[in-house]
Amino acid sequence: MARQRQLIYAIVAAVVAIAVGVALSYVIHWFPVQASTQAHNTDRLYHVLVDASIPIFVLVVTVVLYCAWQFRMKPGEELKDGPPIHGNTRLEVVWTTIPAVILLALVSYSFVVLHDNEKKPAREIHVGVTGQQFAWSFQYPPSVTHGKPVESHQLYLPEGESVQFALHSKDVIHAFWIPAFRLQEDVVPGITVKYRATPDRLGTYPIVCNLLCGLGHSLMRATVHVVPQAQFQQWLKSHAGATVPGGAGAGSTAGTTSATAG
Amino acid sequence: MAARLRAPGFYRAAWMMALGVAFATGLTWVVRMSTGHSTFRHFIDGEAILTVSLIAVPLLFLVGIGGFDYWFYWAAGKKTRAEDHSGHGAHTWKDYFRINTDHKVIGVQYTVTSFFFLFVGGLIAMLMRAELAAPGAQFVDANTYNGLFSVHASLLIFLFVIPVFAGLGNFVIPLMIGAPDMAFPRLNALSYWLLPVAGLMMLGSFFAPGGAFADGWTAYAPLSTNAPIGQTFFSLGVQFAGASSIMTALNFLVTIITMRAPGMSFFRMPLLVWANFATSLLVVIATPFIAASQFFVLLDRALGFNFFNAAKGGDVLMYQHVFWFYSHPAVYIMMLPGFGIISEVIAVKSRKPIFGYRMMAFSLLAIVGLGFTVWAHHMFTSGMASWIRIPMAITTAIIAVPTGIKIFSWLATLWRGVLHLDTPMLFALGFLTTFTLGGISGVMLAMIPFDIHVSATYFIVAHIHYVLFGGSLMTIFAGVYYWFPKMTGRMYDERLGKWHFWTTFVFFNLTFGPMHIIGLQGMPRRVEDYASKFADLNLFISIASFALGLSTLVFLYNVVTSWRGGPVAQSNPWRGMTLEWQVSSPPPVFNFDKVPTVVGGPYEYGVPGAVHGTFAPTPTPATVGAGSGLARAPSE
C-alpha cells in the first residue's frame with residue numbers, strides 16, 4: 001500500500017516536471033530574432049521536438065530517481081537478490097513500437113517543414129554569393145538589377161521577396177549561415193550550391209562563416225540588410241556596375257591580417 | 001651492452017629509429033636527385049624527410065621493441081622455438097613496459113595509456129576554455145587555438161575512448177568467456193604498442209613547423225590538403241591508431257567466436273561480450289575507410305594527387321562521404337562497449353537478471369546494421385544531392401529505436417531490484433540520464449530543417465559531449481570502478497568515488513548544458529573569438545569546465561592511492577555471476593586453473609540455486625543443452 005502511494009507521488013512529480021519543462025521551453029528565448037518565413041517554420045519544428053522530448057526525458061529520470069529512492073538496498077539486505085524477472089514480451093513490443101511511431105511522425109513532420117522551406121515560389125530573385133578566405137562578396141545579375149550587374153561586400157535583400165542564393169567558393173569550403181534566417185549551406189569549391197530564403201523582417205543581421213576555413217575563420221563575417229523593396233531598388237541603382245576590389249577573385253583581407261596578428 | 005642493443009627493447013628501438021631517419025633522408029635524397037633536383041639546396045628537403053620519417057621511424061620502433069620478432073623468425077624459416085611464456089604476464093612493474101602477450105597486462109597497458117591521453121586531452125580542453133572565457137584574444141592565436149581543438153578531439157577519440165574500451169575488453173573478455181588468453185596474443189601485444197606511437201605523433205605535431213594540425217579532427221579537404229606539415233602527423237597518426245583498432249577487433253572476433261568455454265552459447269554470453277562482438281564488426285568494416293580518407297589527404301598534400309582539388313577534377317564532397325562512412329559508425333564504436341559495461345553493472349548492482357536479454361543482444365546488432373546507413377546526416381548542409389538527406393534522416397530517426405530499447409530495458413532491470421548505489425552504479429545511473437539527453441538531441445538533429453540551423457554550432461558541441469562524455473566516459477568510469485578490484489587486486493575508496501561521481505555529474509551538466517543554448521543563438525564552433533552577446537554564458541561554461549577538470553583529480557588520486565595501498569580485494573566483491581569474478585583478484589597468469597563449464601545465463605540473480613559457470617567436472621549433456629535462462633548447476 002505504501003508503495004502505491006509513493007508511486008502516485010512519483011507520477012504527480014513527473015507530470016508537474018513535464019508541465020514546468022514545457023512551459024519553460026516557451027519562456028526561454030532560444031533563438032535570435034526570426035527574420036525569414038523559414039525561421040518561423042523551423043522554430044515551430046523545434047518547439048514540437050522539445051515538447052515531444054520532455055516527457056521522454058522526464059520518464060527516464062523519474063524511473064531512475066524512483067528506483068534509487070524505493071529500491072535502494074536497506075541495511076540487512078546485503079545478501080538479498082531482486083525477483084528473477086527475465087522480461088516481458090508485451091512490454092518490449094510496446095517500447096519498440098511507440099518510439100518508432102513517434103520518431104516516424106516527427107521525421108514526417110520535419111519533411112513537411114523542409115518542403116515548405118525549400119519549395120519554389122512563384123517569383124524569386126537570384127543572388128550570387130562568393131566565399132573566399134576570409135570574406136564574402138555578393139553578385140546581383142542583370143535580371144535583378146535591370147541594368148548593369150552589381151557586386152558588393154554588403155548583402156541587401158528586399159523584404160518579403162524570395163531569394164535564391166547560388167554559392168561559389170574561391171578556395172576552401174565555407175558555410176554561408178544567416179542565423180536570423182535559420183538557414184545555412186556549405187560553399188564548396190567546384191560546385192554551385194543553392195538555397196532559398198524569404199526575408200520577412202526589416203533590419204540588419206549577421207552573416208557567419210560556419211565551416212572552419214583557416215586562420216581568419218572566426219572573422220569571416222558580413223551583414224545582411226533587409227530593406228523595403230523601394231530602398232532595395234535605390235541601393236541597386238546607386239551601385240550600378242560596382243565591383244569589389246579585384247572582382248570576385250580578391251576581396252577584403254581585413255580578416256586575414258587581424259587573425260594572424262591576434 | 002651489445003646484447004642489449006640486439007635484444008628486443010628500448011635500446012634496440014632507439015638505434016633502429018635513428019636508422020629510420022637515415023633511411024628517410026637517403027630515400028628522399030635519391031628520389032629528388034633522380035627527378036631533377038640537381039643543386040645541393042634541393043637534395044635535402046626537410047618536409048620530405050619528415051614525411052617519410054613519420055612512416056619509417058614508428059615502424060622501426062615497433063621492430064626494435066620486438067613487436068614483429070616471432071613472425072620474422074618464423075618467416076625466415078628458422079627452427080621453431082618452444083614457447084616458454086617468458087614474455088607473458090607481469091612480475092614487476094617493468095613488465096608493463098615491454099612487449100607482453102598476457103591479455104591482462106595488455107588490458108592494463110591499454111587502459112593506463114588511454115587515461116594518460118584523457119588527461120592530456122582534458123588539459124588541452126582547459127586551455128581552450130581559458131581562451132574562450134572572454135571574447136577577443138586572451139593568450140593564444142587563431143592557429144594555436146585551431147590546433148588545440150583539433151588535437152583535443154583527435155586524442156580523445158583515437159587515443160582515449162576507442163582504445164580504453166579495447167583495454168577494458170582486453171582484460172575482461174577472455175575472463176568472461178572462460179578463455180586462457182586472446183586468440184592471437186602476439187598480435188594483441190603489437191596492437192597495444194601502436195597506440196603510444198599514434199598518440200605521441202598527434203601530440204608531437206605541436207612541435208612541427210607551422211604548428212599542429214589545425215583543421216579539426218574531421219580534416220576536411222581542401223583545407224587539410226594545403227595545410228602545413230602538422231597535418232601529416234594526423235594523417236599518419238590515424239593510420240597507426242586505426243591499425244591498432246582493427247587488430248584488436250579481429251582478435252576480439254576470433255576470440256569470442258572460437259574460445260568460449262564449453263556450454264557458453266552466444267545467448268549465454270555476458271552482454272559486455274556481445275557489445276564488443278558488435279563493436280568489433282563495426283571496427284573491421286568501417287576503419288579502413290578513415291585510413292583511406294587520410295591517405296588521400298596525405299597523397300594530395302605531399303605528392304599533388306589532386307583527389308580533392310576541384311580545379312584539377314577532384315571531388316571535394318567525396319572526402320566527406322568516405323570520412324563519415326567511418327566516422328559515423330565510430331560513434332557506435334565509442335558507445336556500444338559502454339552499453340555492455342552498463343548492462344554488467346546494472347544487473348549486478350540491482351541484483352536482477354537483465355530485462356529482455358535477447359532484445360539487448362539483437363538491438364546491438366540492429367545498431368551495427370543501421371549504423372552504416374546514416375553517415376550523410378553529418379552532411380545535411382554540405383551541398384550534396386538534396387534527396388540523400390531524406391533516407392538518411394529516416395534511418396537516423398529509426399536508429400533511436402534500438403537505443404531506446406536498451407534504455408527502457410535497463411530501467412526495467414532497476415525496477416524492484418535491490419539497488420547497491422555505490423560508485424559504479426552511480427555512474428551507470430548518471431549515464432542513463434545524460435545519455436538520454438544526448439540521444440534526444442541526436443534525434444532532433446535528424447530533423448533536417450532544424451539541423452540546417454544548428455549544424456556546426458555549439459549545439460553540436462553540446463550534443464557530441466553529451467554522447468561521448470555523458471555517454472561513453474560515464475560508462476568508462478563505471479567500468480573502471482567496477483573492475484578495479486579485479487584488475488589491481490585492491491579496492492578503491494568508495495567515499496572518494498562518490499565525490500568523483502557527484503562533482504563530475506554536476507559540472508558536466510553545467511559545462512555542456514549551456515552550450516545547447518549558445519549554439520541555438522548562433523555561436524559557431526571552432527572559433528577562438530566570438531560576438532560579445534555570448535560572453536556571459538561562455539564565462540559560465542569556462543568556470544564550470546575548470547571545476548569539471550578538477551573533479552578528475554579526485555579520480556586520479558583515488559586510483560593511484562588505492563592501487564598502491566588500498567584494501568586487498570576479494571575474488572568476488574560484488575557477488576557477480578560472470579566468470580571473471582570466479583577467479584582470484586588479480587587472476588592467475590593463465591586465468592583458469594580448471595576450465596569452467598557454463599551451465600546457465602550470466603545474470604540469473606534471484607533465481608534460487610542458479611549458477612552461470614562451474615568448475616566441477618563436465619555436467620551431463622542434458623543440462624548443458626538446456627538453453628539460456630533457467631538451467632541449474634548439477635552440483636554446488
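Residues numbered from 1 in each chain as written. Chains lettered and ligands numbered in written order. Predicted model: local features only at pLDDT ≥ 70, side-chain atom pairs only at ≥ 80, totals over all residues.

## Side note on the sheet that holds strand β8 (residues 193–197) of chain A
Residue and element names in this part refer to chain A.
Alright, step 1. Judged by pairing direction, the sheet is mixed, and its five strands sit side by side in the order β3-β2-β1-β5-β8 without closing on themselves. The open sheet has two edge strands with one neighbour each: β3 (150–152) and β8. The average angle at which neighbouring strand axes cross in this sheet is 25 degrees, direction not considered.
Alright, step 2. Here three bridges tie strand β2 (residues 135–140) to β3, and the two strands are oriented antiparallel to one another. For Q139, the partnering residue across the bridge sits in β3 and is E151. (Pairing = 2+ DSSP bridges. Helix = DSSP H or I, 4+ residues; strand = E, 2+ residues; numbered from the N terminus. Axes fitted to C-alpha atoms, helices over the stretch in contact; angles between N-to-C directions.)

## Focus on the domain arrangement of chain B
Residue and element names in this part refer to chain B.
Alright, step 1. Under the domain assignment used here, chain B contains domain 1 (2–75), domain 2 (100–565) and domain 3 (596–636).
Alright, step 2. Once you take the C-alpha centre of each, domain 1 and domain 2 turn out to be 33 Å apart.
Alright, step 3. Each partner contributes to the interface: domain 1 provides 11 residues, whereas domain 2 provides 12 residues.
Alright, step 4. Here the side of domain 1 that touches domain 2 gets nine residues from one element, more than from any other, and that element is helix α4 (residues 46–65).
Alright, step 5. A class-by-class count of the residues in the side of domain 1 that touches domain 2 yields eight nonpolar, two polar and one charged. (Domains from an automatic or database assignment. Contact = placed C-beta atoms within 7 Å. Nonpolar A, V, L, I, M, F, W, Y, C, P; charged D, E, K, R; others polar.)

## Concerning the interface of chain A and chain B
Many descriptions give the size of an interface as the accessible area lost when the pieces come together.
Alright, step 1. Chain A puts 68 residues into the contact, and the matching count from chain B is 74 residues.
Alright, step 2. The set of elements that each furnish at least two residues to the side of chain A that touches chain B consists of α2 (37–70), α3 (89–118) and β7 (183–187) of chain A.

## What to know about helix α8 (residues 185–204) of chain B
Alright, step 1. The terminal C-alpha atoms of α8(B), which comprises 20 residues, lie 30 Å apart, in line with the 28 Å expected from a rise of 1.5 Å per residue.
Alright, step 2. Burial of α8(B) is extensive: 15 of the 20 residues sit out of reach of the surface. (Expected span 1.5 Å × (residues − 1). Buried ≥ 20, exposed ≤ 12 C-beta atoms within 10 Å, placed from the backbone.)

## Considering the domain arrangement of chain A
All names here are of chain A.
Alright, step 1. Taken as a whole, chain A is organised into domain 1 (2–71 + 88–118) and domain 2 (125–261).
Alright, step 2. The gap between the C-alpha centroids of domain 1 and domain 2 is 38 Å.
Alright, step 3. Every contact between the two is made by 10 residues of domain 1 and, on the other side, 14 residues of domain 2.
Alright, step 4. The greatest single-element share of the side of domain 1 that touches domain 2, amounting to four residues, is contributed by α2.
Alright, step 5. Considering only residue class, the side of domain 1 that touches domain 2 consists of four nonpolar, five polar and one charged.

## Overview of helix α12 (residues 336–350) of chain B
Residue and element names in this part refer to chain B.
Alright, step 1. When the terminal C-alpha atoms of α12 are compared, their 21 Å separation across 15 residues agrees well with the 21 Å that a helix rising 1.5 Å per residue should span.
Alright, step 2. Most of α12 sits inside the fold, with 15 of its 15 residues counted as buried.
Alright, step 3. Trailing α12 by a residue or two, R351 shows a phi angle of about 55 degrees, which is positive.

## Topic: the packing of helix α7 (residues 142–176) of chain B against helix α10 (residues 271–303) of chain B
Residue and element names in this part refer to chain B.
Alright, step 1. Contact geometry of α7 with α10 gives a least axis separation of 10 Å together with a crossing angle of 120 degrees. In terms of axis orientation, α7 runs oblique to α10. Taken as a pair, α7 and α10 cross one another with a handedness that is left-handed. Packed against α7, whose contacting residues are G169, V172, I173 and M176, the element α10 presents L272, V273 and N276 at the interface.
Alright, step 2. Partitioning the contact of α7 with α10 into residue classes produces five nonpolar, two polar and no charged. (Parallel < 35°, antiparallel > 145°, perpendicular 65-115°, else oblique. Left-handed = near helix turned anticlockwise from the far one by under 90°.)

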